[in-house]
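# Examining the three-dimensional arrangement
As a plain string of letters, each chain reads:
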Amino acid sequence: MSKLDNTFGQQTVSQDERSKKIRRVFQLVASRYDLMNDFMSFGTHRIWKHFFVNYISFKSTDIIVDLAGGTGDIARKLAKKGANVIVVDPSIEMMQAGKQANSQQVLNIASIGERLPFADSSVDKLTISFGIRNMTSMSDALDEIHRVLKPGGEYYCLEFSRPMMPIRPFYNLYNQYIIPRLGALVAGQPEAYQYLIESIKRFPHQEEMKSLIEQAGFSKVIYRNLFFGIACIHTGINKH
Ligand SMILES: C[S@@+](CC[C@H](N)C(=O)[O-])C[C@H]1O[C@@H](n2cnc3c(N)ncnc32)[C@H](O)[C@@H]1O
């Protein structure tokens, strides 16, 4: 079990409670989610996502699952490059918020990462962007991802991580004081953004994340820092 699995913000909670509370956070922020991302990151999330999508190599016949796909930001970008993408996310509100912008190449399925609605070894690539830290159980989700990916299938994860030392204190101050205020101002939901910040703070750093992915059975796990490690892309291959 990861150190995040039984927490919600600074509270210790049951996994069931954690799952309900996270569901509620995304229900509350759905309509302003994309706008808030722009405010909070000064638009840099777009650069990270652009970089992430270009990192993913695929054939036109590949089945790509974008887990925790939310409003479909990654799925849309992949579809523009010719991919067929299935967004999996438990939040109908988040998927609904992005629906109009999505093309027919994007299919939405309401489900959780800890119980994926796919057969064993049936998926070519699985992407997850700013989603893995919201899983109720990260280790269960990684096991599921490993189960559904074909042998040789690839896992791509974009997530916040631990920034390098010179900028870490400034980043922490920004997260602690500015983001909840922005959350209140723009989205009217300071508590929801407080949760998001806590989940970033407690999230495993680059090397810890790498070993969690390896423990789930992936090989050739590597990571690449973005913006001095504020965000990070981890990739792994399903060795089966
Ligand atoms: C921060 S958003 C990321 C959305 C999108 N991938 C992006 O990069 O903008 C996190 C998403 O994780 C979803 N989520 C929360 N718990 C989940 C779970 N157990 N399984 C799958 N997705 C989950 C939320 O509904 C939300 O849409």
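Shown above is the structure to which this text applies.
Residues numbered from 1 in each chain as written. Predicted model: local features only at pLDDT ≥ 70, side-chain atom pairs only at ≥ 80, totals over all residues. Heavy atoms only, no water.

## Focus on the overall build of the protein chain
Of the regular secondary structure elements, the protein chain holds nine helices and nine strands. In terms of overall dimensions, the protein chain is globule-like: its C-alpha atoms have a radius of gyration of 17 Å, near the 18 Å expected for 240 residues. For the protein chain, the proportion of its 240 residues judged to be buried stands at 55%. Long-range pairs, those at least 24 residues apart, make up 65% of the contacts in the protein chain with a sequence separation of at least 6. Seen as two clouds, the 29 positive and the 23 negative side-chain charges of the protein chain have centres 5 Å apart. (Helix = DSSP H or I, 4+ residues; strand = E, 2+ residues; numbered from the N terminus. Rg over C-alpha atoms; globule rule 2.2 N^0.38 Å. Buried < 20%, exposed > 50% of the residue type's maximum accessible area, 1.4 Å probe, protein only. Contact = heavy atoms within 4.5 Å. Lys, Arg positive; Asp, Glu negative; His and termini not counted. Charge placed at Lys NZ, Arg CZ, Asp CG, Glu CD.)

## Notes on the site of the ligand
Close to the ligand lie 18 residues; Lys49, Ala68, Asp89, Gly113 and Ser129 are nearest. The separation between a nitrogen atom of the ligand and a polar main-chain atom of Gly113 is 2.8 Å. Ser129 places a polar side-chain atom, nitrogen or oxygen, 2.6 Å from an oxygen atom of the ligand. Taken together, the residues that form the shell around the ligand break down as nine nonpolar, six polar and three charged. (Near = heavy atom within 4 Å. Polar contact = N/O pair within 3.5 Å; in protein donor to acceptor, adjacent residues only side chain to side chain. Nonpolar A, V, L, I, M, F, W, Y, C, P; charged D, E, K, R; others polar.)

## Some words on unusual backbone geometry
Among all residues except glycine, the phi angle is most often negative; among peptide bonds, the trans geometry is most common. We note that Ser121 has phi near 50 degrees; this positive angle belongs to a residue other than glycine. Mapping Ser121 onto the fold places it in the loop between β5 (106–109) and β6 (123–129). At Phe130, a residue that is not glycine, the phi angle is positive and equals roughly 50 degrees. Relative to the elements of secondary structure, Phe130 occurs in the loop between β6 and α6 (138–148).

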